[in-house]
Amino acid sequence: MQVFKLYFRILSKHTAVISVYLSIFFGLSLMFTLLPSASSASVFIPEKTRIAVFNEDEGAFAKALIAHISERTAPVQISDTKESIEDALFFRDVEYILRIPRGFSESFLKKDNKVQLEKSAVPLSASEVHVDFLLNRYLRFASIYHGLLADISSEQAAAYIEEDFKVEAKTTILDSMLLVEKSGSRSFFFLYYSYSVMAIILLSVTTGMLALENRNIKMRNLASPLRTVSLNLQVVLGNLVFAVAVWALSCGLGLILEKGGMNGRINMLLMANALCYTFVCLGLGFFVGHAIKSQNAIHGAVNVVSLGMSFISGVFVPKELLGETIKRIASFTPTYWYVEAVNSISTLTNNSSTLDILNSMLIQLGFAAAFLALGLAVARHKSLANEA
Amino acid sequence: MFWHLFSYRLRCILRDKQTLFWSAAFPIVLAALFGLAFSNLDSNELFTQIPVAVVDNDAYRQSNAFKSALYSAASGKDALFNPILCTKDEAVALVEEGSVAGSISIGADGEVNILVKETGISQTILKAFGDSFVQLSRAFKTIAETEAQAAHKFASLLANEAAYIKETKLGAEYPNKSVIYFFALISMACLYGSFHGVNAVSSVQANQSHVAARCNMAPVHKLLLFGAQLSAALLVQFISCLLLIVFMKFVIGVQFGPRLFLIIFTCAIGASMGVMLGALVGALLKQRLNLKIGIIISLSMVLTSLAGLQYPNLKYIIHKSLPLLSYVNPAALVTDAFYALYYYEGLERYFINIGLLLGFCAVFLFVVYGVMRRQKYASL
Amino acid sequence: MVVKTENLVKRYGNVLALDHLNLEVNEGEVFGFLGPNGSGKTTAINCILSLLKFDKGKIEVFGKPMSPDAYSIKRDIGIIMQDVAVFDELTVEQNIDYFSGLYIREKERRAELLEEALEFVGLSGFRKYYPKKLSGGLLRRLNIACGIAHKPKLIIFDEPTVGVDPQSRNNILEGILKLNRQGATVIYTSHYMEEVEQICSRIAILDKGRIVASGTKESLKAMIKTGEKITVECYGTCCDDALSSVKGLSGIISAYCEDEILHIKAGRSNCLAGVLERLNKSSIAYGRIYCELPTLNDVFLEITGKHLRDKEA
C-alpha cells in the first residue's frame, strides 16, 4: 500500500488550502442555518415585504397606521442614517422604507394633504407596488371614515377599519398539497456542498495525481516490480477514501445543524444525491488531473470549474432567477442536475414520486462515468508508451 | 537604468503566461460566466402587470362596483392587473397551467373568491385587492348604518385619488444587488495581482532566486531594482483590472455609475493593493513559490467570499454587524469602493474605502521595504 | 591584491561553515578554489560578494572593503553561479543584454558587448532561443555569457561545469583561460581537481571551512611525501614475500595488493626499475604498469585523510 500511503502524505501537504475551502463552506452553511428561513404551507400566507418604518409623528393616527402596516409586512429595525438605509435597501435587507413626517396625522385629519408620507423603495419592484397598495388602502378607508362620519375620533375610525379588515376574500390554493416544510437552510447546505466538494476534491485529486504523474516518478513507478493494476487501484482507493471522508464529514455536519425537524427519507435522498455528486467530482478530478500539467494550472482549473459551474447551475443564485439560455447551457453540466435534485428533494411531498430525483442522480452518475472514460482516454493518449 | 530594468521586467511578465492567465484572463472568464448567470437577475423583482383570470359570471356582470374597482386597478400607468375575462372552468385551467397568477370571481352575495396555485408577491397583491373590495363593501355598510345621508358621498370619496405618499429617492442608481458579484470579482482580480507582487520580490531577493542573486551583484541600487519590478507589476495589473472592467461594462453591461475617472482611479488603487499584498507575502515568507501561491489563492478566496463573491448579502451582514472585519478586508474595501461609487450620491464612504486601501498599500510597502532593505542574508 | 579575506568566520547555527578563512587572490591569476562538496567554497564566494552575512572577519576587493552597496567594486565583478541564473522569459540575447545593462548604460556599447559575448560562448546561432529550449551545455554557456558580457576585471566561476558534457566543459575551460589572457582575474571553484590542475595557476584547498593548503600546484605536490604512484597489474596473486620485498626497497612509502593489482606509493621518482626487479625475482608475472605523478587528490588525501570527491557511483 505504498502508493496509497503516499497519496495521503501528499494530501497532508495541502491541508491548508483544503481546510480553507472546508471552512468557507462550513462557515457559510452555519450562518445560513442560523438565519431564519422562509417556509410555505398549505394555507395562503401572504408574502411579507421587508419594511423599515421611521415615525416622526406623534399622532394616534400614525400609530394606528403603523400597527396596521406592520401586521401585513415584515418590519425590520435599521438605524436611521442615510447610509445604513441605503445599504439596507441595496442588499434588500429592507425593500421599502416608510417615513412618517412630523404633523402627518394632523395634516391627514385636516385633509389639507400638506404633509405626505415619504417612501423609498426598490424602484418599480413588486414589493413597492404591494406596500403602496396596503398604505393607500388604509388611508383611503381612513379618509372615508373621517370624511363621512363627522366628529369621529381617530381611535373610533381605527376600530372601524380594523373591523372592516377582518373580512377577506376567500382564497383557495389549487390542489392544496400538503407541503412538507421547506427547509431553506438544509437545502442551502446541500446546494453549497456542490461548490465546496467540487473545489476540495478537484484540488486534492489533481494534486495527488500530478505528483504521481510527474514523468520521472511515473517512470520510476513503472520500472518498479509493483504491478500497474495495483498501482492504479491504490490511487483510485486513495481518492475514493478521501472523497467519501469529505462526504461523510459534510453530511455529518449537515445532520448536526439540522437536528430538529428532520425527515428521514429526505435526508437519505439528499445524502445519496450528495454522494452521487461526490463521484462526479472524483471523475472530473481524474480527468482534469490527466489533462493538466502544473500545480498553478490546478488552482486555475479548480476555481474556474467549481465557481463557474456553481454560478450557472444555480448554487449561489436561485435557479428560478437564471435565464432560459443559461439554464439550457447549464443542463450540460452535472452541477445542474445535482441542484435540480436538491430542489426537488426539498420540496418533496410525502406521496409524490421520487422518479425525477432518481433520474437526476442517474444523470450525475452518467457524468461521473463519462469523466472517468475521458480521463482514461487522455491517460492512454499521453502514456509513456505513446511518446515518440 | 530604470527604463532598462522596467522594460525587461515588462517583457518577463508578458512572457509569463501562467501568471497572466491568473491575473488577467481568469477573472474575465469568471465575469463572462457571471454575466451569463445573472442576465435575468435584475428583471426578477421588477413589477409587471399581474395577469388575472376574472370569472365572467352573472354576479360579475351585475356588480358595477366590482367592475369599476377592477377597471381602476387595471388601467392607467400604474395598472396592477391585466385581467382576462373567461368562464369559471377556463379560469381554473389558466391557473392550473400557470399563465395567470390567479383567478378572481365575485359571488352572488358580493363575496370574492380567489384561486391561486402558489403563494407569491403577485398572489399577495391579488388577494389584497380582493380583500380591499369586500372590506370597502363592509365599510360602506357600516357608514350607511351610522349616517345614512353620508353614504351617497361614498362613491365620490372613493374616486378621490389624493396622493398620500411621495417618493424620496435613495441612492444614485438603481439598487441592483447583482453588481456586487461583479464588484467582488474585481476585488478578486485585484488580489490576484499578488502573483505579480510575489514575483517582483523573488526576482530581487537574493535568497529567493538565483537570478535575484545575480542581480544583487550588479552595481544597481536594490531599491531601484525593486522599484522597477514593482512598477512593471503595477502597470500590468492595472491594465488587467481595467480590461476586466471594460469587459464587464461593454460586453456584459454591468453598471458602474457615471464617475469614470474615479472608477479608473479605484481600479489603480485596487491593483496596487493586490500587488503590494503579494510583495508582502513574498517578502515575509521564504518558502517555495508554490506554497506562496497556495497561500495567496486561499487568502483571496476567503477575503472575496467575505466581500460577497458567492453571496452578496454576506458583505452587507458583515458591514452591519462586524464593521471592523469589513474595514480590514482589502477585498471588501475594493468591492465597497465600487459599490459606493455606483450607488452613493456622496463620496464620503468612497473616500473612506480608498483611504483605507491606500493605508494598506502604505503598510504593506513599509513592511516590504523593511525586509528588502536588508541586503545581506543569513543564508541563501 | 584583487581579493583578500582575513579571518572570515561564518556559522550556520552550530555548523561552522567558514573557519577563519584567509585568502589572497592576486591580479591576473587564475585562482583555484578546490574542496569537496560542503567544504564552504560557495559560502566563501557569497561572503566575498557581500550576499551573505558573516560573523567575523574582513573582506577587501580591489583593495577596498566590500559591502552590498560598493557599486564601484561591483561594476568590475562578474559572477557565474553554480546554478543557472537566467530569466526563462527572455531570449538568449535579451538575457545577456539585460544583465550587461545593469552595468553599462550606453546602448551601442552594449550591442557590441552582446556580440562579443555571444561569439565568446558560441551561442551566436541561438540568440533568439528561450532558455527552456537550450540543452544543458548551451544553458551553462548562456549562464557564463550573462556573467562576463560587461568585461569584468574579476570573474568568479562557481562550479560552472557541473553536469556538463566533456566537450562543453573543455570549451568552458578554454574560455576561462582566454578571459584570463585578456586580463581578467579569475576565481574558479570546483571539486574536479583535473579542471583546477588544468587551468589554475594558484590553488587553495578547502576542507570544513578551512584552507588546508595553498600555493601553485607544484608547490602543493611538493608538500606531500608521495612522489610517484606505481600500479602493477599482476597475473595471479602477489604473494606476501614479494610484497614485503617491494616494501623493503628504499623510498617506498607503502605497498598493498588488492584484486591482483599492486599499489605502490614512492617518496621519490625513479623507483619503478627497482620494483620490477623485485617482482621478477619473486617470479610474479605482470601485465600493464602505470606510473603517475601525484594529483591534487593525493594532496588532499594526504592532508585530510579522505578523498576529495566521493567515489563516482
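Residues numbered from 1 in each chain as written. Chains lettered and ligands numbered in written order. Predicted model: local features only at pLDDT ≥ 70, side-chain atom pairs only at ≥ 80, totals over all residues.

Helix and strand content of chain C: eleven helices and 14 strands. Based on the C-alpha atoms only, the size of chain C along its principal axes is roughly 75 × 45 × 35 Å. For chain C, the proportion of its 313 residues judged to be buried stands at 45%. Sequence separation of 24 or more characterises 67% of the internal contacts of chain C that already satisfy a separation of 6 or more. (Helix = DSSP H or I, 4+ residues; strand = E, 2+ residues; numbered from the N terminus. Buried ≥ 20, exposed ≤ 12 C-beta atoms within 10 Å, placed from the backbone. Contact = placed C-beta atoms within 7 Å.)

It is worth spelling out the overall build of chain B at this point. From N to C terminus, chain B includes 17 helices and five strands. The C-alpha atoms of chain B give 31 Å as radius of gyration, which overshoots the globular expectation for 380 residues (21 Å, by more than 25%). Dimensions of chain B, computed from C-alpha atoms along their principal axes, come out at roughly 105 × 40 × 30 Å. Counted over contacts in chain B with a minimum sequence separation of 6, partners at least 24 positions apart contribute 74%. (Rg over C-alpha atoms; globule rule 2.2 N^0.38 Å.)

A word on the sheet that holds strand E1 (residues 50-55) of chain A. The strand order E2(A)-E1(A)-E3(A)-E4(A)-E5(B) describes an open sheet built from five strands, whose pairing is mixed. If you trace the sheet from one side to the other, it starts and ends with strand E2 (74-75) of chain A together with strand E5 (165-167) of chain B, each paired once. (Pairing = 2+ DSSP bridges.)

Residues and elements named next belong to chain B. Looking at the element boundaries, Ile269 is found in helix H12 (residues 260-284). On a C-alpha basis, the gap between Ile269 and Cys361 in space is 8.5 Å, while along the polypeptide they are 92 residues apart. Ignoring anything within four residues of it in the chain, the contact list for Ile269 reads Ile354, Leu357 and Leu358.

Residues and elements named next belong to chain B. Checked against the element boundaries, Ala144 lands in helix H6 (residues 121-146). Here Ala144 falls in the partly exposed class, since 15 other C-beta atoms lie within 10 Å of it. Spatially, the C-alpha atoms of Ala144 and Ile318 are 56 Å apart, while their sequence positions differ by 174 residues.

Bringing the arrangement of the chains into the picture now. The interface with the most contacts, out of two pairs of chains in contact, is the one formed by chains A and B. Here chain A and chain C are not in contact; the least distance found between their C-alpha atoms is 16 Å.

Grouped together as the largest cluster of nonpolar side chains are 308 residues, with contacts concentrated most on Leu185(B), Ile186(B) and Ala145(C). Per element, the largest residue contribution to this core is 16 residues, and it comes from helix H8 (residues 184-213) of chain A. Not counting residues within four places of it along the chain, the set of residues in contact with Leu185(B) comprises Pro27(B), Leu30(B), Ala31(B), Phe34(B) and Leu309(B). In terms of nonpolar packing, the next biggest core, distinct from the first, is built from 14 residues, Leu243(C), Ala255(C), Leu279(C) and Ile284(C) among them. (Core = buried A, V, L, I, M, F, W, Y, C linked by C-beta atoms within 7 Å.)

Moving on: the interface of chain A and chain B. Across the contact, 74 residues belong to chain A and 81 residues belong to chain B. At 17 residues, helix H6 (residues 126-148) of chain A tops the list of elements feeding residues into the side of chain A that touches chain B. When the residues that make up the side of chain A that touches chain B are grouped by side-chain class, the tally is 41 nonpolar, 19 polar and 14 charged. (Nonpolar A, V, L, I, M, F, W, Y, C, P; charged D, E, K, R; others polar.)

Turning to unusual backbone geometry, a few remarks are in order. In this model, Leu124(A) sits at a positive phi of 60°, which is unusual for a non-glycine residue. Along the chain, the position of Leu124(A) falls in the loop between strand E4 (117-121) and H6. Residue Leu124(A) is classed as exposed on the basis of its 12 C-beta neighbours within 10 Å. We note that Lys151(C) has phi near 55°; this positive angle belongs to a residue other than glycine. In this fold, Lys151(C) is placed in the loop between helix H5 (136-148) and strand E7 (154-158).

What follows concerns the packing of helix H2 (residues 17-38) of chain B against helix H11 (residues 222-252) of chain B. Residue and element names in this part refer to chain B. The interhelical angle for the contact between H2 and H11, taken along N-to-C directions, is 20°, at an axis separation of 9 Å. The orientation of H2 with respect to H11, classified from their angle, is roughly parallel. Here the hand of the crossing between H2 and H11 comes out right-handed. Where H2 approaches H11, its residues Ser23, Ala24, Pro27, Ile28, Ala31 and Gly35 are matched on the opposing element by Gln237, Ser240, Leu243, Leu244, Phe247, Met248 and Ile252. (Axes fitted to C-alpha atoms, helices over the stretch in contact; angles between N-to-C directions. Parallel < 35°, antiparallel > 145°, perpendicular 65-115°, else oblique. Left-handed = near helix turned anticlockwise from the far one by under 90°.)

With domains assigned, chain C is organised as domain 1 (3-218) and domain 2 (225-293). Computed from C-alpha atoms alone, the centre-to-centre distance between domain 1 of chain C and domain 2 of chain C is 43 Å. (Domains from an automatic or database assignment.)

Moving on, we come to the sheet that holds strand E2 (residues 15-25) of chain C. In a beta sheet, neighbouring strands pair by backbone hydrogen bonds and run either parallel or antiparallel. Residue and element names in this part refer to chain C. With antiparallel pairing, the four strands of this open sheet are ordered in space as E2-E1-E4-E5. The strands lining the two open edges of the sheet, one partner per strand, are E2 and strand E5 (64-65). Examined bridge by bridge, strand E1 (residues 3-12) and strand E4 (residues 56-61) share five bridges and lie antiparallel to one another. Among the inter-strand pairings, Val9 is bridged to a residue of E4, identified as Lys56.

Another aspect to go through is the packing of H5(C) against helix H6 (residues 166-181) of chain C. Residue and element names in this part refer to chain C. Interhelical geometry of H5 versus H6 gives an angle of 15° and a closest axis separation of 10 Å. Between H5 and H6, the interaxial angle falls into the category roughly parallel. For the element pair H5 and H6, the recorded crossing hand is right-handed. For the pair H5 and H6, contact is made by Gly137, Arg140, Ile144 and Ile148 and by Ser168, Ile172 and Leu179, respectively. Considering only residue class, the contact of H5 with H6 consists of four nonpolar, two polar and one charged.

Attention now goes to the domain arrangement of chain B. By the assigned domains, chain B splits into domain 1 (2-41 + 179-373) and domain 2 (47-159). Taking only C-alpha atoms into account, the centre of domain 1 of chain B sits 57 Å from that of domain 2 of chain B.

Taken together, the 28 residues of chain C in the interface contact 24 residues of chain B. Contributions of two or more residues to the side of chain C that touches chain B are made by helix H2 (71-74), strand E6 (77-80) and helix H3 (92-101) of chain C. Classifying every residue of the side of chain C that touches chain B by side-chain character gives 18 nonpolar, four polar and six charged.

Residues and elements named next belong to chain A. Judged by how many residues are buried, strand E3 (residues 96-100) sits mostly within the fold: four of five residues are covered. Pairing geometry for E1 and E3, over five bridges, is parallel. From the neighbouring strand, Ala52 faces E3, where its bridge partner is Ile97. As judged from the four bridges shared by E3 and E4, these two strands associate in the antiparallel manner. Its bridge partner being in E4, Tyr96 is matched across the sheet by Ala121.

A few words now on helix H14 (residues 334-346) of chain A. All names here are of chain A. With 13 residues, H14 ought to run about 18 Å at 1.5 Å a step, and its terminal C-alpha atoms sit 19 Å apart, in line with that. Across the 13 residues of H14, eleven count as buried, placing the element largely inside the fold. Turning to H14, its buried residues are Pro334, Thr335, Tyr336, Trp337, Tyr338, Val339, Glu340, Ala341, Val342, Ile345 and Ser346. (Expected span 1.5 Å × (residues − 1).)

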